[in-house]
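Analysis of the macromolecular model
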Amino acid sequence: MSLEYRLLAFLALALGIMFADSRFDYLDRARFGVAYLSTPVYWVADIPARASSWIDDAFVSQRDLIEENAQLRQQLLFAQRELQLLAGLASENSRLRELQEASQAVQGRVITAEIINVSNDLGSRRVLINRGAHNGVFEGQAILDAHGLMGQAVEVLPFTSWVLLITDSRHGIPVQVNRNGERAIARGSRGDVPGLVLEYVPDTADIVVGDLLVSSGLGQRYPKDYPVAQVTSVYHDPGQPFALIRARPLAQMDRTRHVMLVVPDDDVIGGGSIGVIQDFPAPAPVSNPEASAIEAVAPESDVTQSNDDDSQAGVQGDL
Amino acid sequence: MGPRANGLWIVILSLLLAYLLAIVPLPDWAMHYRPQWVAMVLIYWIMALPYRVGIGAAWFAGLFMDILEGSLLGLNALSFALIAYITLSLHQRLRMFSALQQSGMILALVGLNITITYWIKVATEQTDAGSLLFLLGALSSAFVWPWLFVFLRQLRRGFDVR
């Protein structure tokens, strides 16, 4: 009967498209084109959230405003004090860098964005932001909120982009402990509670509960020295070769709406001298987010010096 | 073929509405219970207008869903084509069913849809193999079906969709 043939034809077509989409990237162009149609749907779906925030803004009592104002003023004061300290540190840092003849530290600009939707796929952690190719977003661009790194753009559409959060289990981010520079790879944890797991950390590594993990920039995808997570538990199982270390991301993944996209400086992208680890090389076009996340991790083996990291890099290659 | 086409924009509009409901952000605890709106609306139109909405339409509806969700292209297209085929071959019986029996069918069809997409996602490592809580979506779909059915039937009769 013709119905069965039609079913078979469409099933074959779907399988073909799936294969093409997972292996090659020429379907990205079609996806990009059709996204002009899907953007309005997301725009309409976001109306309730926008309306509620508008209502929040419109119906605030004056007393609340005064209170909030005072609070913000105080926060600003604290922040400015820290900024003053930071200026001193920055100049000291650049002097030290000059002494070492190392590359200039990069202070990327940021553009702001808003989270307009959350992936309803329960097994993956992705959010949609309201900035896309027309706003200069590129694949692999780092996203952060006011508290820490959130993730990277994995699918750039005309006016929106999908962001893979660092808590997704297929995402790994190279980090180092702020206290002593111990390096590790933080992978999103499986399960319902969003968190990070430090992978392949030897039992002897000096990482304790409360340690701040910052991005190490070694993956050449995330900018260096942004706070990522705080260690919440360290467990040494005598039967296991590696310590089980869990960390809580600092970015407020499920509370914040406002995020920032890090814009790398142009001169850093263009003028790349050999032998210098740059904070921001031009991102290679990669279609598979998983491959890119792993790829981002891989270069660490080139720059590691300590013995601990050799075993780590070896295991990482098997992933 | 069937009668002269009329009011097909209602079909498209109802599908757009279903897409909206499918992506509207929900609190975390409610995520598991989100009914499969697009699949249900498709099943209704295939049941009501089998000569107009078929496997091809379901396939394209699924493709748009893939683009909307940012998932692997062809994922929803495949499972929608499959449930469209099942609905098409059963549509005469489905029309005769009582509301409860129809809900049972929806439970099976939507459950199949969810399971297929889940399998493919796990196979292509798009998602983690986790708990089977996602099947609750089929249960909530079966629960809202009688109301959705009445609503869409009113639409179809009101606008004389053929």
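All of these numbers come straight from a predicted model, not from anything done at the bench.

Counting its secondary structure elements, chain A contains eight helices and 12 strands. Taken over 319 residues, chain A has a buried fraction of 33%. Relative to all contacts within chain A whose residues are 6 or more apart in sequence, the contacts with residues 24 or more apart total 59%.

We now examine the overall build of chain B. The number of helices and strands found in chain B is six helices and zero strands. N-terminal to C-terminal, the α/β element order of chain B is α-α-α-α-α-α. Taking 15 Å as the expected radius of gyration for a compact globule of 162 residues, we find that chain B reaches 15 Å, a close match to that expectation. Overall, chain B is about 45 × 30 × 30 Å in size when its C-alpha atoms are taken along their principal axes. Here chain B holds 162 residues, and 45% of them are scored as buried. Considering only contacts within chain B whose residues lie at least 6 apart along the sequence, 71% involve residues at least 24 apart.

Before going further, it helps to spend a moment on the pairing of strand 11 (residues 242–249) of chain A. All names here are of chain A. Note that strand 8 (residues 196–202) and strand 11 share five bridges and pair antiparallel. When the sheet's bridge partners are listed, L198 is paired in strand 11 with I245. Connecting the antiparallel pair strand 10 (residues 227–235) and strand 11 is a turn made up of six residues.

In this section: the sheet that holds strand 1 (residues 109–118) of chain A. Residues and elements named next belong to chain A. Strand order in the closed barrel formed by six strands is 1-2-5-4-3-12, and the pairing between neighbours is antiparallel. Sheet twist, expressed as the average angle between the axes of neighbouring strands with direction ignored, equals 45°. One ladder, built from three bridges, connects strand 1 with strand 2 (residues 126–129); its direction is antiparallel. Paired with I115 across the bridge in strand 2 is I129.

For the rest of this paragraph, the subject is helix 2 (residues 27–45) of chain A. The first and last C-alpha atoms of helix 2 of chain A sit 26 Å apart over 19 residues, in line with the 27 Å expected at 1.5 Å per residue. Its maximal kink placed at A:Y36, helix 2 of chain A deviates by approximately 45°, while the proline A:P40 follows within four residues. The inward-facing, buried residues of helix 2 of chain A abut strand 1 and strand 2 of chain A together with helix 1 (8–23) and helix 3 (55–69) of chain B.

Further remarks concern the nonpolar core. Nonpolar side chains in soluble globular proteins tend to be buried together. Of all hydrophobic cores here, the largest spans 108 residues; its most connected members are A:A186, A:V228, B:V38, B:L42 and B:A81. A domain split of this core shows at least three residues from each of domain 1 (2–45) and domain 3 (167–253 + 289–317) of chain A. Dropping the residues within four chain positions of it, B:A81 is found in contact with A:L7, A:F10, A:L11, A:A14, B:I55, B:A58, B:W59 and B:G62.

Between helix 1 (residues 2–23) of chain A and helix 4 (residues 75–96) of chain B, the least distance of the axes is 8 Å, while the angle of their chain directions is 170°. One way to sum up the angle between helix 1 of chain A and helix 4 of chain B is to call them roughly antiparallel. The segment helix 1 of chain A lies against helix 4 of chain B, with A:L3, A:L7, A:F10, A:L11, A:A14, A:L15 and A:M18 engaging B:L75, B:A77, B:L78, B:A81, B:L82, B:Y85, B:L88 and B:S89. Among the residues making up the contact of helix 1 of chain A with helix 4 of chain B, the classes are represented as 14 nonpolar, one polar and no charged.

All names here are of chain B. Along the polypeptide, P3 turns up in the segment before helix 1. Look at P3 and you get exposed, because 9 C-beta atoms sit within 10 Å. Linking P3 and Y118, residues 115 residues apart in sequence, is a C-alpha distance of 38 Å.

All names here are of chain B. Here helix 3 contains 15 residues, and its C-alpha end-to-end distance of 21 Å stays within 8% of the 21 Å for a straight helix at 1.5 Å per residue. Within helix 3, 13 of the 15 residues are buried, which leaves the element mostly enclosed by the surrounding structure. Following helix 3 by one or two positions, G70 has its phi on the positive side, about 70°.

A few words now on the environment of A:K224. Within the secondary structure, A:K224 sits in the loop between strand 9 (212–215) and strand 10. Separated by 49 residues in the primary sequence, A:K224 and A:V175 place their C-alpha atoms 9.0 Å from one another.

All names here are of chain A. Not every positive phi belongs to a glycine, and Y200 is a case in point at roughly 55°. One non-glycine residue with positive phi stands out, namely D225, at about 70°. Mapped onto the secondary structure, D225 falls in the loop between strand 9 and strand 10.

On to the interface of chain B and chain A, then. The partner chain A presents 34 residues to the 35 residues of chain B that form the contact. For the side of chain B that touches chain A, the element with the highest residue contribution is helix 4 of chain B, accounting for eight residues.

Here we take up the confidence of the model for chain B. A residue-level look at chain B finds 97% of positions with pLDDT of 70 or above and a mean pLDDT of 88. When mean pLDDT is compared element by element in chain B, helix 2 (residues 37–48) of chain B scores highest at 93, while helix 1 of chain B scores lowest at 90.

Conventions adopted
- Residues numbered from 1 in each chain as written.
- Chains lettered and ligands numbered in written order.
- Predicted model: local features only at pLDDT ≥ 70, side-chain atom pairs only at ≥ 80, totals over all residues.
- Helix = DSSP H or I, 4+ residues; strand = E, 2+ residues; numbered from the N terminus.
- Buried ≥ 20, exposed ≤ 12 C-beta atoms within 10 Å, placed from the backbone.
- Contact = placed C-beta atoms within 7 Å.
- Rg over C-alpha atoms; globule rule 2.2 N^0.38 Å.
- Pairing = 2+ DSSP bridges.
- Axes fitted to C-alpha atoms, helices over the stretch in contact; angles between N-to-C directions.
- Expected span 1.5 Å × (residues − 1).
- Bend = angle between axes of the 7 residues up to and from the residue.
- Core = buried A, V, L, I, M, F, W, Y, C linked by C-beta atoms within 7 Å.
- Domains from an automatic or database assignment.
- Parallel < 35°, antiparallel > 145°, perpendicular 65-115°, else oblique.
- Nonpolar A, V, L, I, M, F, W, Y, C, P; charged D, E, K, R; others polar.
- pLDDT = per-residue confidence, 0-100.

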